Amino acid sequence: MTQAMNTTIVIFGASGDLTERKLIPALYNAYCKGRMPENFNIVGVSRSEFSHDAFRDHLWEGVQEHASTICDEAEWQKFSQNIWYHAGNAKEQDVLHTLDAFLKEKENGTSNRLYYLSTAPSLYEPIVLNLGMANMVSEDGGWRRTIIEKPFGYDLKSAHALNDTIHRVFQEHQVYRIDHYLGKETAQNILLFRFANTIFEPLWNQNYVDNVQITVTESVDVGHRGDYYDKSGVLRDMFQNHLLQLLALVAMEPPVSMKADDVRDEKEKLLRSLRPVEPHETVRAQYEGYTETEGVEPDSQTPTYAALKMYVDNWRWFGVPFYLRSGKALANKTSEVIIQFKRPPCHLFGLPVDAQEIRPNVLAMCIQPNEGIHLRFETKVPDVIDQTRSVEMDFKYTTYFGDEPLPDAYERLLLDAMKGDATLFTRSDSIESSWRVIDHVLKGWQSPDAPPLVSYARGSWGPVEADILVGKDGRRWRLECGKKHG
Ligand code: BG6
């Protein structure tokens, strides 16, 4: 993508982790591929004092460590000449006025502007309001857009209030609520896989699917984020956004087109079809030793793991359980979606006669790592007449697309925001629909029916209660990507 008009990317909260680990490496990679606008400025804003050069040096360290590819140091020199730093507290209106003057000086003419809010969430509203008051949102001299990081709100009420405030300043088409899972190549491929092929979609419903499982596990613990995490917990940190978005991609109806609002209309319909999850359909757990983390209350009841059994009450999915689980400090990092198909109605090949003994077909979408898609089916064991064995058809990204790492999600999302393509960003209604689901679970956890907060060993696959949740239905969790295909 090259555009003649200047584009300025303003990062609020620029001294934070995300800028150095994700945003600048992503923009640098886009630059190396010739995908940045022809004329651009990147301006970091935060309270810490940095000279422009000190800021660039700091970012170069991040790029060396985190960029998926380093094209060449000379390219960094050229790229980084467009990076600037402006110190100040964006909560103060004066700072925005001086920032605007600084931006105009660097832009030297009309320019598009992308305001990236990567600050503490409590600053989102004041910054947005200040942008409005400083007249930095009017689109007379190029477009004005904002990307808002997660967490977007703390519950339905605060998310609604935040949407209201944002809409006082920006119109919805200018707002890009980011969920980096949607920028992952493999997550984008879910819709492609479903709607660019004809062989699976006819089976993608309650007639053929027995259950769907979404597993997003991490081996890391909360690390230095204890303060934030202890107030959020796994439902707010992972389910409200990433897991529900994956669920929406897997279960939504085909959109009219791939245009942003057509896709987002279908996602919103799906989120609205989710049945409220009751406490007995949930498990909440905390890993051993969590309360010793800095920033965490010594008697904290915050779950670091949860499992939910969900239903989509619509024509396609009625009665099919969707089991979702996510947690930290687990055995392995894996994000995968499993579609388990129904078993054949009876067993024709050897004993026993009971069809329950036949292994079901399983389709595994490996979001990360070991990116790919695998289909498991039964086959005859050679030279014996009464035995079947499960085998797999495997698609691995590396086999077809080489060993180059897949582009980082932020690269795609930043470029999309500059292009004005909001398909992979969450619309205000869906943010609120997701919170409605999560609020209901959280309310259940405050009620007398709440499941106990159980603990699990670090490095395990989570508490036994999660196995019981699925086991009660005669099923078990499947791990198809995380421990295989390595
Ligand atoms: C973030 C959460 O949104 O996603 C983190 O706040 C989590 O707690 C991270 O570690 C996981 O992302 P990924 O891309 O590493 O799976």
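Note that the coordinates shown come from a computational prediction; the quantities given were computed from them, not determined experimentally.

A.B. asks: Sorry if this is basic, but what is going on with the side chain of Glu266 here?
C.D. replies: Note on placement: Glu266 falls in helix 9 (residues 260–272). Within the structure, Glu266 has its side chain in polar contact with the side chain of Lys269 (distance 3.0 Å). Leaving out residues up to four positions away in the same chain, Glu266 has contacts with Met252, Glu253, Pro254 and Pro255.

A.B. asks: Any chance you could explain the site of the ligand here in plain terms?
C.D. replies: Residues in close proximity to the ligand include Lys150, His180, Tyr181, Lys184, Glu218, Arg225, Asp237, Met238, His242, Lys328, Lys333 and Gln368, which together make up its full environment. His180 has a polar side-chain atom sitting 2.8 Å from an oxygen atom of the ligand. In this structure, Arg225 approaches the ligand through a side-chain N or O atom, which is 2.8 Å from an oxygen atom. Within the complex, 80% of the 400 Å² of free accessible area of the ligand lies under protein. Its atoms largely coinciding with the cavity grid, the ligand occupies the largest pocket. A total of 3 residues in the shell around the ligand trace back to one element, the largest contributor, which is helix 8 (residues 226–251). Residue composition of the shell around the ligand, grouped by class: 2 nonpolar, 3 polar and 7 charged.

A.B. asks: Would you explain the packing of helix 7 (residues 185–195) against helix 8 in this entry?
C.D. replies: How two helices sit against one another is set out by the angle between their axes and by the gap between those axes. Where helix 7 contacts helix 8, the axes come no closer than 9 Å and their chain directions differ by 15°. Between helix 7 and helix 8, the crossing angle belongs to the class labelled roughly parallel. Classified by chirality, the crossing of helix 8 by helix 7 is right-handed. Between helix 7, through Ala187, Ile190, Leu191 and Arg194, and helix 8, the contact on the second element is made entirely by Leu246, Leu249, Val250 and Ala251. Its residues assigned to classes, the contact of helix 7 with helix 8 comprises 7 nonpolar, no polar and 1 charged.

A.B. asks: Would you explain the layout of surface pockets in this entry?
C.D. replies: Summary: where empty space remains is shown by rolling a probe the size of a single water molecule over the atoms. Volume-wise, the largest pocket comes out at about 1,600 Å³. Residue lining of the largest pocket: 48 residues in total, with Asp17, Leu18, Arg21, Lys150 and Arg225 positioned closest to the centre. Of all the elements in the fold, those that place two or more residues in the lining of the largest pocket are helix 1 (17–32), strand 2 (40–46), helix 5 (124–133) and helix 8. With 6 residues, helix 8 is the single largest residue contributor to the lining of the largest pocket. Taken together, the residues of the lining of the largest pocket sort by class into 17 nonpolar, 15 polar and 16 charged.

A.B. asks: Mind showing me how you'd approach the sheet that holds strand 6 (residues 175–177) here?
C.D. replies: Backbone hydrogen bonds hold the strands of a sheet together, and the pairing may be parallel or antiparallel. Spatial ordering of the open sheet is given by 3-2-1-4-5-6, a layout of 6 strands whose pairing is parallel. Here the strands that pair on one side only, and so sit at the sheet edges, are strand 3 (83–87) and strand 6. Taking the axes of each pair of neighbouring strands and ignoring which way they run, one obtains an average angle of 20° across the sheet. Bridge analysis of strand 1 (residues 6–12) against strand 4 (residues 111–117) gives 7 bridges, and the strand direction is parallel. Counted as the bridge partner of Asn6 is Ser111 from strand 4.

A.B. asks: Just to check I follow, could you spell out helix 2 (residues 52–66) for this structure?
C.D. replies: Because an α-helix completes one turn every 3.6 residues, residues spaced three or four positions apart along the sequence face the same direction. In this model, helix 2 (15 residues) spans 21 Å end to end at C-alpha, consistent with the 21 Å of a helix rising 1.5 Å per residue. Looking at the buried positions of helix 2, the neighbouring elements they touch are helix 1, strand 2, helix 3 (73–80) and strand 3.

A.B. asks: Looking at this structure, I do not really get the pairing of strand 8 (residues 282–287). What am I missing?
C.D. replies: Two faces belong to every sheet, and in a regular strand the side chains alternate between them. Most of strand 8 is tucked away, with 6 of its 6 residues classed as buried. Pairing between strand 8 and strand 9 (residues 305–311): 4 bridges, direction antiparallel. Residue pairing for strand 9: Arg284 is matched across the bridge by Ala306. Relative to strand 15 (residues 453–456), strand 8 is paired through 4 bridges, and the arrangement is parallel. Along strand 15, the bridge assignment pairs Ala285 with Val454.

About the criteria used
- Counting of residues starts from 1 at the beginning of each chain's written sequence and follows it residue by residue.
- Thresholds applied to this predicted model are a pLDDT of at least 70 for local features of residues and 80 or more for the giving and counting of side-chain atom pairs; totals over whole chains, interfaces and linings are not thresholded and use all residues.
- Just so you know, side-chain values use all the structure's heavy atoms and leave hydrogens and water out.
- Going along the chain from the N terminus, every DSSP run of H or I of four or more residues is numbered as a helix, and every run of E of two or more is numbered as a strand.
- Two N or O atoms form a polar contact when they lie within 3.5 Å of each other; inside protein one atom must be a possible hydrogen donor and the other a possible acceptor, and for residues adjacent in sequence the pair counts only when both atoms belong to side chains.
- Any two residues having at least one pair of non-hydrogen atoms within 4.5 Å are treated as being in contact.
- Each residue is tested against the molecule or strand, and it is near if at least one of its non-hydrogen atoms lies within 4 Å.
- Using a 1.4 Å probe, accessible areas were evaluated by the Shrake-Rupley method; residue-level cover was limited to the displayed protein chains.
- In this analysis the probe radius is 1.4 Å and the grid spacing 1 Å, with only protein atoms considered; a cavity is a set of points the probe fits into but cannot get out of, a pocket is an open set with protein on both sides within 12 Å along at least five of seven lines, and lining residues have an atom within 4 Å of a point.
- More than half of a molecule's atoms within 2 Å of the grid points is what it takes for that molecule to sit in a cavity or pocket.
- By the convention adopted, Pro, Cys, Tyr, Trp, Phe, Met, Ile, Leu, Val and Ala count as nonpolar, Lys, Arg, Asp and Glu as charged, and the other residues, Gly among them, as polar.
- Helix axes are fitted only over the stretch in contact, all axes being lines through C-alpha atoms; the angle between N-to-C directions runs from 0 to 180 degrees.
- Orientation categories follow fixed angle ranges, with anything under 35 degrees roughly parallel, anything over 145 roughly antiparallel, 65 to 115 roughly perpendicular, and all other angles oblique.
- For any helix crossing, the convention is left-handed if the near helix is rotated counterclockwise from the far helix by under a right angle, and right-handed if that rotation is clockwise.
- Grid points are joined across faces, edges and corners, and a volume is the space filled by probe spheres set on the points.
- For two strands to be treated as a pair, DSSP must find no fewer than two bridges joining them.
- Expected span of a helix: the number of residues minus one, times 1.5 Å.
- Buried means the residue's accessible area, taken with a 1.4 Å probe over protein chains only, is under 20% of the maximum for its type, while exposed means over 50%, and partly exposed covers the values in between.

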